[in-house]
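# Survey of secondary and tertiary structure
Next come the chains, spelled out residue by residue.
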There are 2 protein chains.
Amino acid sequence: VTQDKIRGLVVQSGGPTAVINQSLVGILTSAQKHNAHLETVYGARFGLHGVLHENLIDLSHRETQDQWPTLAQTPGAALGSARIKPKAQDTKRLFQVMEAHKIQYLFYIGGNDSAEAALLIGAEATANCYPLRILHIPKTIDNDLMMTHHCPGYGSAANVVAHFALADDLDNQSFQHSIKINVCMGRHAGWLAAASAWAGPHIPQLIYMPEIPFQLSKFVQDVQWSYETYGRATVVVAEGIADHLINGTGLGDQDMDEFGNPSRLSGTGKLGDYLVCAVEKHFHQTLNIRKLRIRSDTWGYIQRTLPNMVSTIDANEAFRLGEAAVTHAVSGISHKMLTLQSQGADVPCDVGLCPLEDVAQKTRLMPRDFINALGNGVTPAFLDYLKPLMDPITPVQMLKEPRLIQKKLPPYQR
Amino acid sequence: VTQDKIRGLVVQSGGPTAVINQSLVGILTSAQKHNAHLETVYGARFGLHGVLHENLIDLSHRETQDQWPTLAQTPGAALGSARIKPKAQDTKRLFQVMEAHKIQYLFYIGGNDSAEAALLIGAEATANCYPLRILHIPKTIDNDLMMTHHCPGYGSAANVVAHFALADDLDNQSFQHSIKINVCMGRHAGWLAAASAWAGPHIPQLIYMPEIPFQLSKFVQDVQWSYETYGRATVVVAEGIADHLINGTGLGDQDMDEFGNPSRLSGTGKLGDYLVCAVEKHFHQTLNIRKLRIRSDTWGYIQRTLPNMVSTIDANEAFRLGEAAVTHAVSGISHKMLTLQSQGADVPCDVGLCPLEDVAQKTRLMPRDFINALGNGVTPAFLDYLKPLMDPITPVQMLKEPRLIQKKLPPYQR
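Residues numbered from 1 in each chain as written. Chains lettered and ligands numbered in written order. Predicted model: local features only at pLDDT ≥ 70, side-chain atom pairs only at ≥ 80, totals over all residues. Heavy atoms only, no water.

## Quick look at the sheet that holds strand E8 (residues 232-238) of chain A
Residues and elements named next belong to chain A. The criterion, for reference: The criterion for strand pairing is that DSSP finds at least two bridges linking the strands in question. Secondary structure elements are defined from DSSP: runs of H or I of at least 4 residues count as helices, runs of E of at least 2 residues count as strands, and each element is numbered from the N terminus. For helices, the fitted axis covers only the stretch in contact; all axes are lines through C-alpha atoms, and the angles between them, taken along N-to-C directions, range from 0 to 180 degrees. Pairs of residues are marked as contacts when any of their non-hydrogen atoms sit within 4.5 Å.
If you trace the 4 strands from one edge of the open sheet to the other, you get E7-E8-E6-E9, paired in parallel fashion. Strand pairing shows two members of the sheet lacking a second neighbour, strand E7 (205-208) and strand E9 (293-298), which therefore form its edges. Taken pair by pair, the neighbouring strands of this sheet meet at an average axis angle of 15°, ignoring direction. Strand direction decides the pairing type here: strand E6 (residues 178-184) and E8, joined by 7 bridges, are parallel. Considered in E8, the bridge of Asn-182 is made with Val-236. Seen against the sheet, helix H7 (residues 154-173) touches E6, E7, E8 and E9 and runs at an angle of roughly 155° to E8. Together, E6, E7 and E8 form the strand contacts of helix H9 (residues 216-230), whose direction differs from that of E8 by roughly 145°.

And the structure:
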């Protein structure tokens, strides 16, 4: 491959986020500034599939440029995404396609699975002396990548979850005796469920994260405690706690079917229904309390792509990482993931770099000191961590400590 | 009951909305202006329960006044709500409580069930010559009350649903072969599901409203058509279509259990799971198409109380109806519901009045000409109806008609 100008290719991978297109437009904006060196940037339709099947589009095209500002603020993967791991023959094909189209810069926007794919592709390039510069731009609402202070996509999803938690508690407060259980995304890590605590300290929330082994009996006791203390319980569980229910000792094989295909936890209400049944049984049968409302919601896929709820700093950082990927590629850097490095609570993060090996297939769980001692909520340290990523929530407040006026009649039995 | 100054009482009833507290603060603000005549306004904790058990709070109290501005913009029923129909002994008790506390104005904020309660209470007052002025302020996200152009609460919930539909289609577009089914609130009427069309004409949505008998076989055909035409299907069904599945001819008794307790449709994923199974069976077995993603979400209770998504006009109108209720009561009007009367598309609605009999227990369904001929979407007439209630959505747009660059290699078989 010899040529005067370089061509780049962008691949979006894994689940979409609200700011994944900020990174894309960041790449395109930076590439335009380097157009003396960089001829054009292609995009692969639907992730690696697009590369393998040569379904490529020219993103530097003038018609496409007009769309950049709107595109950047559009949640969802504009190029289309996929979840595939390149097999040996796929990797071979990938290099054929890149060679045929004279592509020498590969920008991979994704999570820990795509860091693995980027690692494999990078190793193959090195082994075959293909002049590839490959850079991975982190993206995940799960916030579970190593080596970066936080992940683009997380702040916006956290903002959505905080608003959902707030909405749900306002709804819950509207009823006299009410228990509400919400199932939040997060299979392995509890970062997103934890963000529901941003809804405010006046919400007596119970939050369950997969980092802490989930015990149904303790859960039910916690709900009872909240109900007795506050007259209600507003609960957020990360969907990943289902794994503890399936694999744990508390439930036999018979109970497994309750959860269907685990890969679909966000698209089904089964976990919520299961927890409602458990709480109902406890209140009805053990406590003999029947006059209460017990409901569940599963917040589903809208957590990751809700327009109008995008965190300003998240959008900004996603864009900056896209820009930086191009600058680094042009300056000769390859085989790295871009990272966000905290410089203190009130200062924007610096952009850093780390080896792909340190990220690929690894999962960063919440540190124990971000989770409270009881394993059913977060600590102030977590809220300090979260603060720089979040926009403030418009203040809402039900009546504070409404005092009843003096009664004048004997009690009423209905 | 004789006294110089009048006392009022506010009752919030039924499911909460994002603007029900606007009506409450509208009442309080107007009552303050009439304080030469109106001594104070009480609020009943948790609807009629609060009246029956004398759980009343003084809302004109200075400490409470400081909270009004924040309270008005807070979704959820700040006084607490309930769903009970007064029995004969309840009505008797109600008048004892009102007499004991010298209450002569009763403001009932609610839907068609509470209009019925207000009607019963009003009739009892007339029969017993109790000097009561009772006014009903409409409130429902379902938008299903007769005699009013639309209902406070609907515009904000419609805004949420439109954003959810948009988010969901952006997520859905991120995948190559994807079918997504969303279950929206709306038991008897499809107004809220229909509002998902506000997300934009570029979304190839299928919308199913309870006004049209739901046929599973036609539904599955529609999904297939959307999939073949657009490469995806983004579907919104009103939860109420479950009744057609239970009662219709298409499904036997055996299928009833799929839906659990119908009063809990919003708090379970069963309808969505059921529809996913039906679509999956059709694609896998009938069409022999297996490589596609089929998921469902149930949008749940956050549809009615999400902060940050409140429609400006909705908030405004809810406040105005609260204000008007006091003005009318002071001027001697009683036994009426406040209504919104359209004066044309670009002019604010006038506040009107109607007899409680015309609203109580009645349901306003969507007119046939708001639903398309195929029964799977809305008409421009519906969008014209909806337009004055909605804020514009921040423009978002995926890549428009991305054109693939020329391929250079033979096709690839993975």
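Back to the write-up after that little detour.
## Remarks on the pattern of salt bridges
Rules: Salt-bridge detection follows one rule: a side-chain nitrogen of Lys or Arg within 4 Å of a carboxyl oxygen of Asp or Glu. For each residue, the accessible area found with a 1.4 Å probe, counting protein chains only, is set against the maximum for its type, and the residue is called buried under 20%, exposed over 50%, and partly exposed in between.
Scanning the entire structure with this criterion turns up 20 salt bridges over all chains. When the shortest N-O distance is used, the salt bridge between A:Arg414 and B:Asp90 registers 2.7 Å. Note that A:Arg414 is positioned in the segment after helix H14 (380-386) and B:Asp90 in helix H5 (residues 88-100), a pairing that runs across two chains. Relative accessible area serves as the criterion here: at 38%, A:Arg414 is assigned to the partly exposed category. The class for B:Asp90 is buried, based on a relative accessible area of 1%. Between B:Arg232 and B:Asp169 there is a salt bridge; the shortest N-O distance is 2.8 Å. One end of the pair, B:Arg232, is in strand E8 (residues 232-238); the other, B:Asp169, is in helix H7 (residues 154-173), and 63 residues separate them in sequence. B:Arg232 sits in the buried class, given a relative accessible area of 11%. The exposure class assigned to B:Asp169 is buried, which follows from its relative accessible area of 0%. Residues joined in a network through salt bridges with shared partners are A:Asp168, A:Lys180 and A:Asp297.

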